[in-house]
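# Residue-level structure breakdown
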Amino acid sequence: VQLQASGGGLVQPGGSLRLSCAASGSILSTDDMGWYRQAPGKQRELVATIRRGATTTYADSVKGRFTISRDYAKKTISLEMNSLGPEDTAVYYCHASITAWNGSKKNYWGQGTQVTVSS
């Protein structure tokens, strides 16, 4: 099982980016999925999560600007980020709680994708 994240890059303040993450491998089911981020010198923090039933949770700092969505059939999640500011600069990590075909349930992390907001 692995998670592959994509979509990071450099964007000007006020701009938008879309991150995507795909789960692959011997997956029986995916439960909670989400995005976390870690800025230089700071701890990793939750950005947004989406549960299997589509309930979403957002960090206060991104509410109204970011939108998380999920494609159950493709086992992917996306994060639409609007009105980006320098404070959003960080490495963004995809996370998923996955049950494999052998019945084991584990938390998986993607490799991280850099988002830089700068003029």
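These numbers were taken from a predicted model, which means no experiment stands behind them. (Residues numbered from 1 in each chain as written. Predicted model: local features only at pLDDT ≥ 70, side-chain atom pairs only at ≥ 80, totals over all residues. Heavy atoms only, no water.)

Moving on to the pattern of salt bridges. Applying the stated criterion to the full structure yields eight salt bridges. The residue Arg-37 makes a salt bridge to Glu-45 at a minimum N-O spacing of 2.7 Å. Notably, a salt bridge pairs Lys-63 with Asp-60, separated by 3.1 Å at the nearest N-O pair. With relative accessibility at 64%, the residue Asp-60 sits in the exposed group. When salt bridges that share partners are traced, they join Arg-37, Glu-45, Arg-65 and Asp-88 into one network. (Salt bridge = Lys/Arg side-chain N within 4 Å of Asp/Glu carboxyl O. Buried < 20%, exposed > 50% of the residue type's maximum accessible area, 1.4 Å probe, protein only.)

Under the defined criterion, the tally for this structure stands at one aromatic pair. When the ring of Tyr-36 is compared with that of Trp-109, the centres are 5.1 Å apart and the planes differ by 70°; the resulting orientation is edge-to-face. Here the residue Tyr-36 occupies a position in strand E4 (residues 27-38), and Trp-109 occupies one in strand E10 (residues 105-109), the gap between them amounting to 73 residues. Take Tyr-36: its relative accessible area is 19%, and that puts it in the buried class. Above the plane of the ring of Tyr-93 lies Arg-44, whose end atom (NZ or CZ) is 3.7 Å from the centre. Against the face of Trp-109 rests Arg-44, its NZ or CZ located 4.7 Å from the ring centre. (Phe/Tyr/Trp six-rings, centres within 6.5 Å; stacked < 30°, edge-to-face > 60°. Helix = DSSP H or I, 4+ residues; strand = E, 2+ residues; numbered from the N terminus. Lys NZ or Arg CZ within 6 Å of the ring centre and 35° of its normal.)

To continue, consider the environment of Arg-51. By the element assignment, Arg-51 lies in the loop between strand E5 (45-50) and strand E6 (56-58). A relative accessible area of 47% places Arg-51 in the partly exposed class. In this structure, the C-alpha to C-alpha distance between Arg-51 and Asn-82, residues 31 residues apart in sequence, is 22 Å. In this structure Arg-51 touches Asp-31, Asp-32, Arg-70 and Tyr-72, once residues within four positions along its chain are discounted. A distance of 3.5 Å separates a polar atom in the side chain of Arg-51 from a polar atom in the side chain of Asp-32. (Contact = heavy atoms within 4.5 Å. Polar contact = N/O pair within 3.5 Å; in protein donor to acceptor, adjacent residues only side chain to side chain.)

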